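# Fold and geometry: a report
Listed here are the chains, written in short residue letters.
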Amino acid sequence: VAAFGVATVFSESKAGDYEAVKKDIIDTLDDSDWDDGSWGPVLVRLAWHASGTYEKKSKTGGSDGATMRYAPESTDGANAGLDKARAKLEAVKAKHPWISYADLWTLAGATAIEAMGGPKINWKPGRTDLPAPAPGVASAKIPPNGRLPDASKGPGVNGVDHLRFIFHKMGLDDRDIVALSGAHALGRCHPDRSGFDGPWTHSPITFSNLYYVELLENFWIEKKLPNGVLQYRDPDDTIMMLPSDLALLADPVFKKWVVAYARDEKLFFEDFSKSFGKLLELGVTRGQASSGGLSSIPIIGPLI
Ligand code: CCH
């Protein structure tokens, strides 16, 4: 009873009030000192990288556990910069200490998509946090590095094969791959994180199908950046594509969906919502002590 009393003193919202958490996530997005004025894109990337480590065969990885807080996942080069996104969400966690980090990160991604004009995402709560492993002890519940895609693979069939290898391993299909890639309408690359530089579209804080439109209709010129990294720039040198982005044009099935989403934004929104919802659910085992060791938070009220 005493512990319950303490929790209510420090918590500003009732356990299970996900609408209150969503509101505070939305309130943290706008920031004129951060990139293009919104934390939204990097929060979407956090939710995706937390989830995209899932391996269907071994049923390991995924967003459950919030394992990116621990090595080796925290030090994976693919996650460079996401420490800032996680730190940004600490203020929201402090206001709603009852929510797990695993739920908070995925809810932040889903909320950011919606707040930037994207489709509603069917997010469900119930993830638990893996307790910190003892120092020096490797935990089998923390996924190894190397499960996230490598942007330098492309623009040809090596990129196609790589995307299939990475996403099929999660249990996602070709249509999911192309739909999810449309998130690159948002945000930008940072030389100090991935080595690549610049945004994919001219409206990087609005969710749209412009990624596909640019991919198809622009000219993409190979450019070597001062750090030696190869990427593709438009003739005005204002936006860019990764080698892996151009791989979506190098396969007939991928290209079919690129064309479909470029032509029909409504179809893209519907497909993205389904695929992103699926991504956030990968490996989530609600109410099983094996997922995190802590008892899971009961699901109270309607799912968001
Ligand atoms: Fe991505 N992404 N992504 N990406 N990504 C990067 C940034 C964002 C790849 C590579 C990169 C998805 C798929 C892929 C976002 C969402 C998604 C960066 C730059 C690289 C590199 C990182 C930096 O320098 O800050 C590759 C390869 C793939 C292959 O599929 C998927 C799927 C999603 C979400 C559904 C978002 C959003 C960003 C912008 C982050 C920011 O900080 O602005």
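Keep in mind the model is a prediction, meaning the values are calculated, not measured. (Residues numbered from 1 in each chain as written. Predicted model: local features only at pLDDT ≥ 70, side-chain atom pairs only at ≥ 80, totals over all residues. Heavy atoms only, no water.)

## Quick notes on the overall build of the chain
The number of helices and strands found in the chain is 13 helices and 5 strands. If you line up the chain on its principal axes, its C-alpha atoms span 65 × 40 × 35 Å. Classification of the 304 residues of the chain by burial places 52% in the buried group. Considering only intrachain contacts with a sequence separation of at least 6, the fraction spanning at least 24 residues in the chain is 70%. Accessible surface, the chain: about 13,500 Å² in total, of which carbon and sulfur atoms supply 58%. The positive charge centre, built from 34 side chains, and the negative charge centre, built from 39, are 6 Å apart in the chain. (Helix = DSSP H or I, 4+ residues; strand = E, 2+ residues; numbered from the N terminus. Buried < 20%, exposed > 50% of the residue type's maximum accessible area, 1.4 Å probe, protein only. Contact = heavy atoms within 4.5 Å. Areas by Shrake-Rupley, 256 points an atom, 1.4 Å probe, with all protein chains shown as cover. Lys, Arg positive; Asp, Glu negative; His and termini not counted. Charge placed at Lys NZ, Arg CZ, Asp CG, Glu CD.)

## A word on the coordination of the iron atom of the ligand
For a metal bound by four donors in tetrahedral geometry, the ideal donor-metal-donor angle is 109.5 degrees, whereas six donors in octahedral geometry ideally sit at 90 or 180 degrees. Within the protein, just one atom coordinates the iron atom of the ligand: His184 (NE2), at a distance of 2.1 Å. Positionally, His184 belongs in the loop between helix H8 (174–181) and strand S1 (188–189). (Donors = N, O, S within 2.8 Å, 3.2 Å for Na, K, Ca; no water.)

## Remarks on helix H3 (residues 40–51)
With 12 residues, H3 extends 17 Å from end C-alpha to end C-alpha; this agrees with the ideal 16 Å at 1.5 Å per step. Within H3, 11 of the 12 residues are buried, which leaves the element mostly enclosed by the surrounding structure. What H3 keeps buried is the set Gly40, Pro41, Val42, Leu43, Val44, Leu46, Ala47, Trp48, His49, Ala50 and Ser51. Residues of H3 that are buried sit in contact with helix H2 (18–29), helix H4 (82–88), helix H6 (101–115), helix H7 (157–170) and helix H12 (265–281). (Expected span 1.5 Å × (residues − 1).)

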